[in-house]
There are 2 protein chains.
Amino acid sequence: MDHFYVLPEEDKKQLAALFTESFIRKKNLLIREGDLVDKLYFLESGHLRGFQNRDGEEITVSFIFAPAFFTDLIALRQKTPALVSFQVMEDSRLFAAPFDAIDKFMLSKPTNSLYYLRFLESLNAFYIKRTFSLICDSPEERYLKLLQERPKVIEKLPLRYIAHYLGIKPETLSRIRRRLKESS
Amino acid sequence: MDHFYVLPEEDKKQLAALFTESFIRKKNLLIREGDLVDKLYFLESGHLRGFQNRDGEEITVSFIFAPAFFTDLIALRQKTPALVSFQVMEDSRLFAAPFDAIDKFMLSKPTNSLYYLRFLESLNAFYIKRTFSLICDSPEERYLKLLQERPKVIEKLPLRYIAHYLGIKPETLSRIRRRLKESS
DNA sequence: TAGTTTTCTTGACTTTAATCAAGGTGCAAA
DNA sequence: TTTGCACCTTGATTAAAGTCAAGAAAACTA
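Going along each chain's sequence as written, the residues are numbered from 1 onward. Each chain takes a letter, starting from A, and each ligand takes a number, starting from 1, following the order in which they are written. In keeping with the predicted nature of the model, local features appear solely for residues at pLDDT of at least 70, side-chain atom pairs appear and are counted solely at 80 or more, and the whole-chain, interface and lining totals rest on all residues. Side-chain descriptors were evaluated using all non-hydrogen atoms of the structure, hydrogens and water having been removed beforehand.

### So, the pattern of salt bridges
Once the charged atoms of two side chains with opposite charge are near each other, the side chains can pair. Here, a salt bridge means any side-chain nitrogen of Lys or Arg that lies within 4 Å of a carboxyl oxygen of Asp or Glu. Scanning the model with the defined rule gives 24 salt bridges over all chains in all. Put simply, Arg54(A) and Asp137(B) hold a salt bridge, and the shortest N to O gap is 2.2 Å. Pair noted here: Arg54(A) is in strand 4 (residues 47-54) and Asp137(B) is in the loop between helix 4 (114-136) and helix 5 (139-149), and the two residues belong to different chains. Given a relative accessible area of 26%, Arg54(A) falls into the partly exposed group. With relative accessibility at 6%, the residue Asp137(B) sits in the buried group. One network of salt bridges, with partners in common, ties together Arg77(A), Asp103(A), Arg118(B) and Glu121(B). Per the convention used, a helix needs a DSSP run of H or I reaching at least four residues, while a strand needs a run of E reaching at least two, with both numbered from the N terminus. Exposed residues in this analysis have more than 50% of their type's maximum accessible area, buried residues have under 20%, and partly exposed residues fall in between, with area computed by a 1.4 Å probe over protein chains only.

Quick look at the structure:
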């Protein structure tokens, strides 16, 4: 929890007390599309994929690698049904806290919201860059950038998830990989 | 400034005092790609486009419509050169505040950061939805969604900017428009 | 381990968008 | 008002990604 901003020891304890531990088995859903969301999660081990159901097909739109906080922020704040399902890709340990309690914690002291603020800022940076890449770069360029910036994604995840994440079809990614192998 | 969270009158005055007014003429750049950024801006009238230079061509990647806060958040926080140039599309009135001062303001009272926090959350929601649309929707679907969600964009902006924003070429958008006209 | 299922690869073909180039339109400046 | 320029539209062509289908490889299960 020290990635963004280090809270004083005392406040950190107070925050940690809001979370309860749980375990979840491979392939289970943590958030289901359409659910209401009221918790913030911290994934300690394993990784997740987020997907949307489009005409019966599951389109993977995001990945979460431990250790990381996550939730469906849109559903949570706007109190609307979740847009995305989150599926655990291996047996995982995680912590959950009611967001109401987090909000209270943040309001109790100015520095308490700094961590969340930094988290939002970096999430923003990530999605802005991803948007720009989808607009400006070719599928092959997007794949190469992903390879550079998040090599874990490529090592651990099935090709079809990566393809959807990049906005292309699995067959196309398979061909991109072959092209890259041949030309090297 | 009341879109997200209404500050008490006193705090609002304190915040407003951090901003200085300025005017900028049509077509001028407010932030230039490569600049260092240390201010938060509030656009009171007019609208902006953000663009990147790719192989000599200006690719429009974002629009800002008054009234709205904006800055290059990535450049600002990571103290890296701006990724995007911001150009005013008509003579505009705006306000600027050093971000250092904003940070101090936020740290002086827990509720002072709430507005910024809501701003970040809604910016996030916006870019997440845009990313998903770029992944899942066809160019025509993306155009129709934009038409629905931000009709101002379509009314006021040149076709080629809208096309780049949607990740397609101007010729393609021109053809999409014709198709839609014919089929209605 | 053997067998089953899922995922990946590959080829042939179709669809879609990009590119290139020409002509038209409309706005802006003189 | 006229002229010039920037922008948009359109058609012909090319390039790229999508689709469909079959077979190979890998992963899971009994």
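### Concerning the protein's contact with DNA strand D
Around DNA strand D there are 14 residues in total, and Pro139(A), Thr172(A), Leu159(B), Arg160(B) and Arg175(B) lie nearest to it. To be near a molecule or strand, a residue needs just one of its heavy atoms within 4 Å of it. Of all DNA strand D atoms lying within 4 Å of any protein atom, the proportion belonging to sugar or phosphate reaches 67%. Polar contacts, as used here, are pairs of N or O atoms within 3.5 Å; protein pairs need one atom able to donate a hydrogen and one able to accept it. Residues neighboring in sequence count only if both atoms are side-chain atoms. One nitrogen or oxygen atom from the side chain of Glu171(A) is found 3.5 Å from a base nitrogen belonging to DNA strand D. A distance of 3.2 Å separates a phosphate oxygen of DNA strand D from a polar side-chain atom of Arg178(B). Put simply, the parts of the chain that give the surface near DNA strand D at least two residues each are helix 8 (170-182) of chain A together with helix 7 (159-166) and helix 8 (170-182) of chain B. The biggest single contributor to the surface near DNA strand D is helix 8 of chain B, with 4 residues. For the surface near DNA strand D, a count of residues per class yields 4 nonpolar, 2 polar and 8 charged. When residue character is reported, Ala, Val, Leu, Ile, Met, Phe, Trp, Tyr, Cys and Pro are called nonpolar, Asp, Glu, Lys and Arg charged, and the others, Gly included, polar.

### Focus: the interface of chain B and chain A
Two residues qualify as a contact provided that any one of their heavy atoms is within 4.5 Å of a heavy atom in the partner residue. Between chain B and chain A, the residue contacts involve 39 residues of the former and 39 residues of the latter. As a working definition, buried area equals the accessible area (1.4 Å probe) given up by two parts on being put together, with both sides summed. Interface area, chain B with chain A, both sides summed: about 3,400 Å², of which 71% is carbon and sulfur. Our count for the chain B to chain A interface comes out at 4 salt bridges. Counting across the interface, chain B meets chain A through 10 residue pairs in polar contact (both at pLDDT 80 or more). Among the secondary structure elements, those contributing two or more residues to the side of chain B that touches chain A are strand 4 (47-54), strand 5 (57-65), helix 2 (73-78), helix 3 (99-107), helix 4 and helix 7 of chain B.

### Comments concerning the sheet that holds strand 1 (residues 20-24) of chain B
Residues and elements named next belong to chain B. Strand order in the open sheet formed by 4 strands is 1-8-3-6, and the pairing between neighbours is antiparallel. Two strands in the sheet have a free side with no partner beyond their single neighbour: strand 1 and strand 6 (68-70). The mean angle between the axes of side-by-side strands here comes to 30°, regardless of whether they run parallel or antiparallel. The pairing criterion is simple: DSSP has to find at least two bridges between the two strands. As judged from the 5 bridges shared by strand 1 and strand 8 (residues 92-98), these two strands associate in the antiparallel manner. Residue pairing for strand 8: Thr20 is matched across the bridge by Ala96. To get an axis, a line is fitted to the C-alpha atoms, and for a helix only the part in contact is used. The angle between two axes follows their N-to-C directions and goes from 0 to 180 degrees. Helix 3 rests against strand 3 (39-43) and strand 8 of the sheet, and its axis sits at about 65° to strand 8.

### A look at the relation of the copies chain B and chain A
Here the copies are superposed with least squares, the fitted atoms being C-alpha atoms of residues at a pLDDT of at least 70 in both. Relative to chain A, chain B is turned by 180° and slid 0.0 Å along the rotation axis, the superposed coordinates differing by an RMSD of 0.0 Å. These values place the two chain copies in the arrangement generated by a two-fold rotation axis. When C-alpha positions in chain B are compared against the rotation axis, the closest is assigned to Pro110(B), at 2.0 Å. Most of the interface of chain B is mirrored in chain A, where 100% of its interface residues are also at the interface.

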